[in-house]
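# A closer look at the structure
Each chain, written out:
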Amino acid sequence: MGKKQLQRSKTLYSGTANPVMAVVRVKAPAETDPHVLEAALVRAVCADSEPPMSAEILWLPAWRKKVRSGQRRFGFIAVLCSRAPVRTSELIRAAERAAARALRGRFGERTSTRMRQASDPRELSAFWCTVRGAPRRPSA
């Protein structure tokens, strides 16, 4: 690889993009364990998305378990990041496609996945507390 090509490839992929927080909604069979869904989502987004990206996905426990026609709704928060310079909407769409393919293949054709960017400031602050967890105080 020539010096100019190497320099061009470094400038194209230099630095990491800002992380994007997304809300993920999954309809899956009612008997599905949410932690299994969470692991399947992470594997799908990290291994099968184009452009390649990393993801941190956390399950949001529901306060009630409502089941309709054998399907249950699950909620997740995803923090997505890609080295490739892509727009936020493209990043979320690529993650949604990869997750939908993987979950339909594993849990059946009736399984559906939807993602959207978390954009409301109240929503972002609540989800950020979920992602970062409880702050720890340094012990003396």
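Right, let's walk through the structure included here. (Residues numbered from 1 in each chain as written. Predicted model: local features only at pLDDT ≥ 70, side-chain atom pairs only at ≥ 80, totals over all residues. Heavy atoms only, no water.)

### Side note on the overall build of the chain
Summing up its helical and strand segments, the chain has 4 helices and 5 strands in all. Scanning the chain from its N terminus toward the C terminus, one meets helices and strands in the order α-β-α-β-β-β-α-β-α. In the chain, buried positions account for 35% of the 140 residues. Restricting to contacts in the chain with at least 6 residues of sequence separation, those with at least 24 account for 74%. Here the chain has roughly 9,500 Å² of accessible surface; of this, 53% comes from carbon and sulfur atoms. (Helix = DSSP H or I, 4+ residues; strand = E, 2+ residues; numbered from the N terminus. Buried < 20%, exposed > 50% of the residue type's maximum accessible area, 1.4 Å probe, protein only. Contact = heavy atoms within 4.5 Å. Areas by Shrake-Rupley, 256 points an atom, 1.4 Å probe, with all protein chains shown as cover.)

### Digging into helix α2 (residues 34-48)
Taking 1.5 Å as the rise per residue, α2 with 15 residues should run 21 Å; its terminal C-alpha atoms sit 20 Å apart, in good agreement. Within α2, the full set of buried residues consists of P34, L37, E38, A40, L41, A44 and V45. Each buried residue of α2 lies within a common arc of 165 degrees when the element is viewed along its axis, so the set occupies one face. Relative to its buried face, α2 has exposed residues pointing more than 90 degrees away, namely R43 and A47. (Expected span 1.5 Å × (residues − 1). Arc of directions from axis to C-beta.)

### So, the pattern of salt bridges
Scanning the entire structure with this criterion turns up 4 salt bridges. The partner of R87 in a salt bridge is E90, with the nearest N and O atoms 3.1 Å apart. Look at R87 and you get exposed, because its relative accessible area is 56%. Given the relative accessible area of 37%, E90 is considered partly exposed. With a shortest N-O distance of 3.4 Å, E96 and R93 are connected by a salt bridge. Taken together, the positions of E96 and R93, both in helix α3 (residues 88-107) and 3 residues apart, correspond to about one turn of that helix. Classification of E96 by relative accessible area gives buried; the value is 10%. Through salt bridges with shared partners, one network takes in R93, E96 and R114. (Salt bridge = Lys/Arg side-chain N within 4 Å of Asp/Glu carboxyl O.)

### Thoughts on the side chain of T32
Take T32: it is sitting in the loop between β1 (20-29) and α2. Overall, the relative accessible area of 10% leaves T32 in the buried class. A polar side-chain atom of T32 sits 2.9 Å from the main-chain carbonyl oxygen of P29. In contact with T32, not counting residues within four places along its chain, are L37, F74 and F107. (Polar contact = N/O pair within 3.5 Å; in protein donor to acceptor, adjacent residues only side chain to side chain.)

### Comments concerning the nonpolar core
Counting 24 residues, the largest nonpolar core has V26, L37, L41, V45, F76 and L80 as the members making the most contacts within it. Secondary structure elements with two or more residues in this core: β1, α2, β2 (53-60), β4 (71-82) and α3. Among the elements that make up this core, the one with the highest residue count is α3 (7 residues). Not counting residues up to four positions away in its chain, the partners in contact with L41 are V24, V26, I57, F76, A99 and L103. (Core = buried A, V, L, I, M, F, W, Y, C linked by side-chain atoms within 4.5 Å.)

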